[in-house]
Amino acid sequence: MALTAEAKPHDYSFVLKNFCAGGLAGMCSKTAVAPLDRIKILFQAHSKHYKHLGVFSGLREIVVKESFFALYKGNGAQMVRIFPYAAIQFTAFEVYKKYLITALPASVMYVKHADKFFAGAGAGLTAVTLTYPLDVVRARLAFQVVGEHKYSGIVNTASTIFRNEGGIRALYRGFVPTLSGMVPYAGLSFYCFEMFKFVCMKYMPQFTCNTSERNTGGLVLNVPSKLLCGGFAGAVAQSFSYPLDVTRRRMQLAMMNPDTAKFGLGMFKTLTLIYRENGIIKGLYRGMSINYLRAIPMVAVSFSTYELLKQALSLDTGMNL
């Protein structure tokens, strides 16, 4: 799909609308899976209170041991982070996609939607660079359990890390594996969503689309199809990038316990250490089952909400396959 003159990326109204739509889509998707996000962090970092439990028993234990609202611990920091993150990511994707259509050589563009992969990867890198410290703060807050609180809130967490662990560098601990994982994750998320969307609209419109007079050749994906395309895109992207996500979390949480400080020494050292101590399944892919449970609905809700808001704000007017 290509943007026409009706929706130029340098149009301030277009950028502002995309920014708001992307931010709201991110907030909806992250809130929907916040309990699974928290238990995933606890599993990834081998919390002594929950590492012996399964996904659902772990969620039940959080409610019993802490409270129902503990399922959403760290979600306030997540919302502070995710609105600008998702807003920047979706807006950057639209802008990068527009210019990559003409900038990429013909040999690359021969691959269908190749511009979507590079635009998605670039958008993910842009967003994570600008918002990464908030992800560190959110992970620290989510990892705490009742009776062992080290931080009292977002500002306290950020200032404590900055003051006691090495300044701005400490707030970017785990940044390199995050960037490394963001290329396949964001690139494949956007690429797969656009590809699945293209296939649905071209080959199965009678099952997957509703009529629309103002965009995409008279068709628009229905909500179930949006969710399915987003879910499949999330599953593919997470499968490739998950080990680097585990590495990132171990580095972010390394300084919370003297026994885990060894995981804060660098990406390759941390990656190697995780592999040596726990292997592939129980180490680099630890928590993968819960990650599928959270990533598939999260990406599905994110893309679907964004697409619906684009329609509501007339951002897709004039777009065509």
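Further up the page is the structure itself.
All values reported here derive from a predicted model rather than from experimental measurement.

Rules and cut-offs
- Residues numbered from 1 in each chain as written.
- Predicted model: local features only at pLDDT ≥ 70, side-chain atom pairs only at ≥ 80, totals over all residues.
- Heavy atoms only, no water.
- Helix = DSSP H or I, 4+ residues; strand = E, 2+ residues; numbered from the N terminus.
- Rg over C-alpha atoms; globule rule 2.2 N^0.38 Å.
- Buried < 20%, exposed > 50% of the residue type's maximum accessible area, 1.4 Å probe, protein only.
- Contact = heavy atoms within 4.5 Å.
- Areas by Shrake-Rupley, 256 points an atom, 1.4 Å probe, with all protein chains shown as cover.
- Lys, Arg positive; Asp, Glu negative; His and termini not counted.
- Charge placed at Lys NZ, Arg CZ, Asp CG, Glu CD.
- Core = buried A, V, L, I, M, F, W, Y, C linked by side-chain atoms within 4.5 Å.
- Patch = residues over 30% accessible without salt bridge, like charges linked within 9 Å, V, L, I, M, F, W, Y side chains within 5 Å.
- Salt bridge = Lys/Arg side-chain N within 4 Å of Asp/Glu carboxyl O.

*Asks:* I'd like a description of the overall build of the protein chain, backed by residues and values.
*Replies:* Counting secondary structure elements, the protein chain contains 14 helices and 2 strands. The globule rule puts the C-alpha radius of gyration for 321 residues at 20 Å, and the 20 Å found for the protein chain is close to it. Counting only C-alpha atoms, the protein chain reaches 60 × 35 × 35 Å along its principal axes. Out of the 321 residues belonging to the protein chain, those deemed buried represent 55%. The long-range fraction of contacts in the protein chain, counting pairs at least 24 apart against all pairs at least 6 apart in sequence, stands at 74%. When the accessible area of the protein chain is evaluated, it comes to approximately 14200 Å², of which 67% is carbon and sulfur surface. Distance between charge centres in the protein chain, computed from 35 positive and 17 negative side chains, equals 6 Å.

*Asks:* Hey, could you go over the nonpolar core for me, with residue numbers and the actual values?
*Replies:* Formed by 63 residues in total, the largest nonpolar core has its most connected members in Ile39, Ile62, Phe90, Phe143 and Leu253. If we skip the residues at most four places from it in the chain, Ile62 touches Arg38, Ile39, Leu42, Tyr50, Ser67, Ala70 and Leu71. Membership of the second largest hydrophobic core comes to 7 residues, among which are Tyr242, Val246, Ile274 and Met288.

*Asks:* Please provide a residue-by-residue account of a nonpolar patch on the surface, values included.
*Replies:* On the surface, Val63, Phe68 and Phe69 cluster together into a nonpolar patch covering about 330 Å² of accessible area. Structurally, Phe68 is set in the loop between helix 3 (55–65) and helix 4 (75–103). You can call Phe68 partly exposed: its relative accessible area is 48%.

*Asks:* Go over the pattern of salt bridges with me, naming the residues and quoting the values.
*Replies:* Per the counting criterion, the structure on display carries 16 salt bridges. Where Glu66 meets Arg38, a salt bridge forms, and the shortest distance between an N and an O atom there is 3.2 Å. Of this pair, Glu66 sits in the loop between helix 3 and helix 4 while Arg38 sits in helix 2 (residues 34–44); the two residues are 28 residues apart in sequence, bridging distant segments of the chain. Each of the two residues, Glu66 as well as Arg38, counts as buried. For the salt bridge of Lys97 with Glu94, the shortest nitrogen-to-oxygen distance reads 3.3 Å. Of this pair, Lys97 and Glu94 are both found in helix 4, 3 residues apart, which corresponds to roughly one turn of the helix. Assigned by exposure class, Lys97 and Glu94 land together as buried. Where salt bridges share partners, they join Lys40, Arg81, Asp135, Asp245, Arg248 and Arg249 into one cluster.

*Asks:* How would you summarise the environment of Ser13 if you had to cite specific residues and measurements?
*Replies:* Looking at where Ser13 falls in the secondary structure, it is placed in helix 1 (residues 12–32). Looking at Ser13, the relative accessible area reads 39%, which means it is partly exposed. As for Ser13 and Gln78, which are separated by 65 residues in sequence, their C-alpha atoms are 27 Å apart.

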